[in-house]
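# Notes for the structure review
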Amino acid sequence: MIQNNAPSAAQLPPRLLPQEAFGHVDHWIFDLDNTLYSHEARVWPQVDERITLFLGELFGLDGMSSRALQKYYYQRYGTTLKGLMEEHRIDPDDFLAFAHEIDLSLLDPNPVLGEAIAALPGRKLILTNGSRGHAENVAGKLGILNHFEDIFDIVNAGFTPKPERSTYETFLAKHAVDPARAAMFEDIERNLIVPSAMGMKTVLIVPRTPDPFREAWEQAAVEAGHVHFVTDDLAGFLSPLTRPGEAVPVAGPPVA
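Note that the coordinates shown come from a computational prediction; the quantities given were computed from them, not determined experimentally.

Rules and cut-offs
Residues numbered from 1 in each chain as written. Predicted model: local features only at pLDDT ≥ 70, side-chain atom pairs only at ≥ 80, totals over all residues. Heavy atoms only, no water. Axes fitted to C-alpha atoms, helices over the stretch in contact; angles between N-to-C directions. Helix = DSSP H or I, 4+ residues; strand = E, 2+ residues; numbered from the N terminus. Parallel < 35°, antiparallel > 145°, perpendicular 65-115°, else oblique. Contact = heavy atoms within 4.5 Å. Nonpolar A, V, L, I, M, F, W, Y, C, P; charged D, E, K, R; others polar. Core = buried A, V, L, I, M, F, W, Y, C linked by side-chain atoms within 4.5 Å. Buried < 20%, exposed > 50% of the residue type's maximum accessible area, 1.4 Å probe, protein only. Pairing = 2+ DSSP bridges. Left-handed = near helix turned anticlockwise from the far one by under 90°. Patch = residues over 30% accessible without salt bridge, like charges linked within 9 Å, V, L, I, M, F, W, Y side chains within 5 Å. Areas by Shrake-Rupley, 256 points an atom, 1.4 Å probe, with all protein chains shown as cover. Salt bridge = Lys/Arg side-chain N within 4 Å of Asp/Glu carboxyl O.

## A short note on the packing of helix H3 (residues 63-77) against helix H4 (residues 80-88)
- Remark: H3 packs on H4, axes separated minimally by 7 Å, with the N-to-C direction vectors making an angle of 90°. Comparing the axis directions of H3 and H4 gives the class roughly perpendicular. Touching Gln70, Tyr72, Tyr73, Arg76 and Tyr77 of H3 are Thr80, Lys82, Gly83, Leu84, Glu86, Glu87 and His88, all from H4.
- Its residues assigned to classes, the contact of H3 with H4 comprises four nonpolar, four polar and four charged.

## Some points on the nonpolar core
- Phe22, Trp28, Phe30, Leu36, Phe185 and Leu238 are the most contacted members of the largest nonpolar core, which totals 35 residues.
- Residues contacting Phe30, with those up to four places away along its chain left out, are Leu36, Ile117, Leu120, Leu125, Ile126, Leu127, Phe148, Phe185, Leu234 and Leu238.
- Leu125, Leu172, Ala182 and Val194 belong to the second-largest nonpolar core, a separate cluster that totals 20 residues.

## Comments concerning the pairing of strand S2 (residues 27-30)
- A two-sided burial pattern is seen for S2, the buried positions comprising His27 and Ile29 on one face and Trp28 and Phe30 on the other.
- Bridge count for S2 against strand S3 (residues 123-127) is four bridges, and the pairing is parallel. Bridged to Ile29 within S3 is Leu125.
- As paired elements, S2 and strand S5 (residues 182-186) share four bridges and run parallel to each other.

## Details of the packing of helix H2 (residues 43-59) against H3
- Interaxial distance between H2 and H3 falls to 8 Å at its minimum, and their mutual angle equals 110°. Taken together, the axes of H2 and H3 are roughly perpendicular relative to one another. As for how H2 packs across H3, the hand of that crossing is right-handed. Only Gly63, Ser66, Arg67, Leu69, Gln70 and Tyr73 of H3 make contact with H2, whose side of the interface consists of Asp48, Ile51, Thr52, Leu55, Gly56 and Phe59.
- When grouped by side-chain class, the residues that make up the contact of H2 with H3 number five nonpolar, five polar and two charged.

## A few points about a nonpolar patch on the surface
- A grouping of Leu58, Phe59 and Leu61 is seen on the molecular surface, where their side chains present a nonpolar patch of about 220 Å² in accessible area.
- Its location among the elements puts Leu61 in the loop between H2 and H3.
- By relative accessible area, which is 34% here, Leu61 ends up partly exposed.

Okay, structure coming up:
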């Protein structure tokens, strides 16, 4: 399912089909968690549970108190890690290693998505609030890792998470990306505000079925000017955007 979320016709020119709207794009930027895979794989719930457990062990809290603290940090700082670094100066490497020690057995390879990404013209990059190791593990299990030129993780961002503007600016500078020729695919609506303002085309990825492990606002098909398209089928959305003969092969992300 594809939905064009442009504002009313009185505000903008006639709506474009995806093929027309992305005809100029040759930089394809993807979030990782809940964007490149569906919630049925239970990847993010495990990370979420590990973060709660980390807080419990660090502060000697019960589960409910740890969960409440986790939500507080997330709402105030954008990520639990950022909150812990700001307020308690914890070692981020320890946190990231602990949080991403998860089971990927329910995450199946997705050759259809891999083919769609590989056929896109230009460069493909991952921009995640998680760690490089986590992104490599997930994309590797999906069988799509080698289609990406590089991974920009929370460490590259100086531990400042999306949706902060500085994170996108650092990403664009590091990879010499022209936002006017880029598209951003993301599962959280607020993380598309800055990319849209910078000139990127934006696509909000929503679950096909309600995700019981996330808040309703985190998975809503939001109608807003900074959300240009909404889809619950990433591979299906990408397939019509390929331009034969223009796809650029890559060797995969460099070793950190």
